[in-house]
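Chain by chain, the residues:
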Amino acid sequence: MTDPMDQPARPPAVPGASPVPEPSGVDLARVALRAAKEQARARGAAAQQKKQARRGGLRSGARADGRDPLPLGAAINRLITERGWETPAAVGGVMGRWPQMVGPEVAQHCEPQRYDEDARVLTVRCDSTAWATQLRLLAPQLVARLNADLGQGTVKLIKVMGPGGPPRRYGQLRSPGSTGPGDTYG
């Protein structure tokens, strides 16, 4: 004889509604199989984590993950983005493309020296005072061209420097404190 307490409770019948079918043996077997698979998956994942901890961490496997090698260009782009070097890298690219930006004649006589990211100033040195004056006149147009290429506000000012004097020479024929021919330049 079976005890009525061992049987699952049935919801009360609603008049006019079709009775809810009880899960059959096949449905119960599917539910039990699904639960067993989930438990096995959980046990396997725990065992895998334990194994990885014993060997000293994760290892790269057949699937791609963040530890896999990258092509050089992708690695450099990722490094530039992570460090926030987009603007200096872009300005460095302009320094490499200087002849295309200003033209071959101007590039032959004027050369970019450095870029101050905080002040957004590009410093350019010219080989003569005449070219320095010419570049000062072209500076607003050049700033507009650079900002169109790099993004608005990247370069606010171009600081034009004239030619530097020859390097100081120290020796017997120099008087102490002499600046040499520096007063005739720029």
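All values derive from a computational prediction rather than experimental measurement.

Asks: Is there a simple way to think about the nonpolar core in this case?
Replies: When a protein is soluble and globular, its nonpolar side chains tend to lie buried together. Counting residues in each nonpolar core, the largest one holds 22 residues, and the members touching the most others are Leu135, Leu146 and Ile158. When residues of this core are traced back to their parent elements, those giving at least two are helix H3 (86–96), helix H4 (98–102), helix H5 (104–109), strand S1 (110–116), strand S2 (121–126), helix H6 (129–150) and strand S3 (157–161). Looking at this core element by element, the count peaks at 7 residues for H6. Leave out the neighbours within four places in its chain, and Leu135 touches Val106, Cys110, Val124, Cys126, Leu142 and Val160.

Asks: I tried to follow the sheet that holds S1 on my own but got confused; where do I start?
Replies: In a beta sheet, neighbouring strands pair by backbone hydrogen bonds and run either parallel or antiparallel. The strand order S1-S2-S3 describes an open sheet built from 3 strands, whose pairing is mixed. Looking at strand neighbours, the two that pair on one side only are S1 and S3, the edges of this open sheet. Pairwise comparison of adjacent strand axes, ignoring direction, gives a mean angle of 25° for this sheet. By the bridge criterion, 5 bridges tie S2 to S3 in an arrangement that is parallel. Its bridge partner lying in S3, Val121 is registered against Leu157. H3 contacts S1 and S2 of the sheet and is inclined by roughly 175° relative to S1. Together, S1, S2 and S3 form the strand contacts of H6, whose direction differs from that of S3 by roughly 160°.

The rules behind the values
Residues numbered from 1 in each chain as written. Predicted model: local features only at pLDDT ≥ 70, side-chain atom pairs only at ≥ 80, totals over all residues. Heavy atoms only, no water. Core = buried A, V, L, I, M, F, W, Y, C linked by side-chain atoms within 4.5 Å. Buried < 20%, exposed > 50% of the residue type's maximum accessible area, 1.4 Å probe, protein only. Helix = DSSP H or I, 4+ residues; strand = E, 2+ residues; numbered from the N terminus. Contact = heavy atoms within 4.5 Å. Pairing = 2+ DSSP bridges. Axes fitted to C-alpha atoms, helices over the stretch in contact; angles between N-to-C directions.

These values are about where atoms sit, not about what they do.
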